[in-house]
Amino acid sequence: MLLNENIKPDIIKKRALFILILISLIINIVASIILWITLKIHPWKLFTHYYIVGIVLVGVHALGHSKWGGWWRTQHVSHHHIKCYPYKKFLRKAPYLHKLAIHEDGNVWMFVIPALLGCWILSENSYQFFGLGIYSLLILSRENYLHQNIHTSPHHWEGHFLFETLRNIHKKHHQGNMKCNYGFGDPFHDLILGTLRY
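Residues numbered from 1 in each chain as written. Predicted model: local features only at pLDDT ≥ 70, side-chain atom pairs only at ≥ 80, totals over all residues. Heavy atoms only, no water.

## Remarks on the overall build of the protein
Each helix and strand in the protein was counted, giving seven helices and two strands. Secondary structure elements of the protein occur, N-terminal to C-terminal, as α-α-α-β-α-α-β-α-α. Against the 2.2 N^0.38 benchmark of 16 Å for 198 residues, the protein shows a C-alpha radius of gyration of 17 Å, consistent with a compact globule. The principal-axis extents of the C-alpha atoms in the protein amount to approximately 50 × 45 × 30 Å. A buried classification covers 44% of the 198 residues belonging to the protein. Partitioning the intrachain contacts of the protein with sequence separation of at least 6 by distance along the chain shows that 61% fall at a separation of at least 24. Total accessible area on the protein stands at roughly 11300 Å², and carbon and sulfur atoms take up 69% of it. (Helix = DSSP H or I, 4+ residues; strand = E, 2+ residues; numbered from the N terminus. Rg over C-alpha atoms; globule rule 2.2 N^0.38 Å. Buried < 20%, exposed > 50% of the residue type's maximum accessible area, 1.4 Å probe, protein only. Contact = heavy atoms within 4.5 Å. Areas by Shrake-Rupley, 256 points an atom, 1.4 Å probe, with all protein chains shown as cover.)

Shown next, in the form of structure tokens:
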């Protein structure tokens, strides 16, 4: 669905935010059924991982913008927010700019490690750990995919009101003191934490 110029922008954004939260909920319901049938992982564990560990991950991102962020703040802000995608160059032609090797990239380790710890805490055996790990990898991959597309143009998602809402709220994250909108694909965690701005 493309943007409709006859509908007020705030209404479009609110609809988009609701739909994005609903999409993630549906994905999690389907994933929880699959993991229950295949690995006997109780659905509450998957939802705990997504919504509670997700809040931790949003907190990790927020830490990267706080005075307590240390090397993580220095790397994240200086590399992504200043060198690659400052507010005035928020949108660039593809490919996505990223110049850090994987072993140097705090964006990888600061998100993957808490996600894996969540999998370990919630798993009863190695099979469940593997299942939750695959689930976590898919969610993190979705976030990474959306983040890269938010910053690059042109591509086929542009013009869709869901995607444009994600892009607009992430653009606000790059603006000013960068104290809002720490999530990428699901505004739920920012909504709960009071950091959602649209």
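Now that the structure has been shown, we can carry on.
## Looking at the pattern of salt bridges
In this structure the tally under the stated criterion is three salt bridges. The salt bridge involving lysine 45 is made with glutamate 124; its shortest N-O contact spans 2.9 Å. Placement of the pair is lysine 45 in helix H2 (residues 43–63) and glutamate 124 in the loop between helix H4 (106–122) and helix H5 (126–151), with a sequence separation of 79 residues. Taking relative accessible area as the criterion, lysine 45 reaches 7% and is therefore assigned buried. In this structure, glutamate 143 engages arginine 142 in a salt bridge whose closest nitrogen and oxygen atoms are separated by 3.1 Å. Accessibility expressed as a relative area gives 14% for glutamate 143, which makes it buried. (Salt bridge = Lys/Arg side-chain N within 4 Å of Asp/Glu carboxyl O.)

## Details of the layout of surface pockets
Within this model, the largest pocket holds a volume of roughly 890 Å³. Lining the largest pocket are 38 residues, and of these Asn107, Phe111, Leu140, Glu143 and Asn144 sit closest to its centre. Counting only elements with at least two residues in the lining of the largest pocket, the list comes to H2, helix H3 (70–84), H4 and H5. Counting residues per element, the lining of the largest pocket draws most heavily on H5, which supplies twelve residues. (1 Å grid on protein atoms, 1.4 Å probe; cavity = no way out; pocket = protein on both sides within 12 Å on 5 of 7 lines; lining within 4 Å. Points joined across faces, edges and corners; volume = space filled by probe spheres on them.)

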